[in-house]
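Examination of the molecular architecture
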Amino acid sequence: MPELHWMIFTVIGLALLFDFINGFHDTANAIATSVSTRAIAPQDAIFMAAGLNFLGAMYSTGVAKTIGSDIVSSADQVDERVLIAALAGAVIWNVLTWWLALPSSSSHALVGGVIGAVLVSTGMGGLNFIGIGKIVLSLIVSPVIAIVSGCGIMYLLYMIFGQSSPHIINGRFKKMQLVSAAMMAFSHGSNDAQKSMGIITLALVSGNYISSFEVPFIVKMLCAIAMAVGTAMGGWRIIKTIGGKIFKLEPISGFAADLNSSIVIFTATLLHLPVSTTHVVSGSIMGVGTAKRIRAVRWGVAQQMLAAWVLTIPCTALLGSVLYQVVLWIFGT
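This section reports on the structure supplied with the text. Model, not experiment: these values are computed from the prediction.

Structural notes on the nonpolar core
Ranked by internal contacts, the top residues of the largest apolar core, which has 58 residues, are I71, L87 and M197. Of all the secondary-structure elements, those providing two or more residues to this core are α1 (4-36), α3 (62-70), α4 (80-99), α5 (106-122), α6 (129-161), α7 (166-206), α8 (217-233) and α12 (299-331). Considering each element in turn, this core owes the most residues, ten residues, to α4. Contacts of M197, omitting those with residues within four sequence positions, involve A57, A64, V215, V219, K220 and C223. Of all hydrophobic cores here, the second largest spans 23 residues; its members include A146, I169, V264 and I285.

Details of the packing of aromatic side chains
Tallied over the full model, the rule gives six aromatic pairs. Between the aromatic rings of W6 and F9, the centroid separation amounts to 6.3 Å while the plane-to-plane angle is 80 degrees, which identifies the pairing as edge-to-face. Taken together, the positions of W6 and F9, both in helix α1 and three residues apart, correspond to about one turn of that helix. Under the relative-accessibility criterion, W6 is labelled exposed at 53%. Ring geometry for F186 and F266: centres 6.1 Å apart, planes at 50 degrees, overall tilted. Of this pair, F186 sits in helix α7 while F266 sits in helix α10 (residues 251-270), and the two are 80 residues apart along the sequence.

Calculation notes
Residues numbered from 1 in each chain as written. Predicted model: local features only at pLDDT ≥ 70, side-chain atom pairs only at ≥ 80, totals over all residues. Heavy atoms only, no water. Core = buried A, V, L, I, M, F, W, Y, C linked by side-chain atoms within 4.5 Å. Buried < 20%, exposed > 50% of the residue type's maximum accessible area, 1.4 Å probe, protein only. Helix = DSSP H or I, 4+ residues; strand = E, 2+ residues; numbered from the N terminus. Contact = heavy atoms within 4.5 Å. Phe/Tyr/Trp six-rings, centres within 6.5 Å; stacked < 30°, edge-to-face > 60°.

What follows is the structure, given as structure tokens:
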């Protein structure tokens, strides 16, 4: 069996790869609305999002602690082989859904991968079902909240600016979209980058490299950099799906969607709850579209996205369980 330190390096490398692909996969979350309304040039939007993703990732570690301590019953129940299988499954799913231009959830993929690998390695007793329930509930409820609050914000803006000239309103809200897109990018980094931080810290605790579940500064820095670089690479396939295929956005509705998404995601970060930024952004766009007219939302596209959301956790759990057997074959029992 290889030396343990090679396995911990493998976990860290895969976690950073997951973060990179997460940034690449989820670039659309931060900039799709502002790009689709031409409020900002695509390359400028990507680099702005990359910088603010980095700053958001350095903000706190509450979500990391939730991911690292609430899925498994204790750090003793996992080892590097479990986490390698979980991360590999999540990475494969993210690449596949990116290729198919489906804005699926990286958060769902990671949670599913961990569940599947732990089930095969230690059985049901290795899982913290109360913690998993809390995480899954936050992942499910957050897009519903985003739809309702997005619709409410859009109604409020229509009440305030409904009698104004569309030309003037579009000009003003294009400028305001720069602010809302920046808020969205920061909140995205504050929640999503912490998930890899939690997995790496869990590996360090289970391997007795550190004594308590406190995210080391170097781990925060590496995860923040990986996500920022991934974001800078841009995920154009999914940007097109989120930015234009759900609902035809205008500057005012794009501003409402970004503002609403950033509020929902950052509130979850403050509560130490992991959410799917993809689901929240898509829910916000559906909400602002519904405020204009229910038929304005392309519900067929929404149904395709919903199917990907529902399938993610079971599919990645299956991937995680199969890959755990592969990892055992490679690294030994």
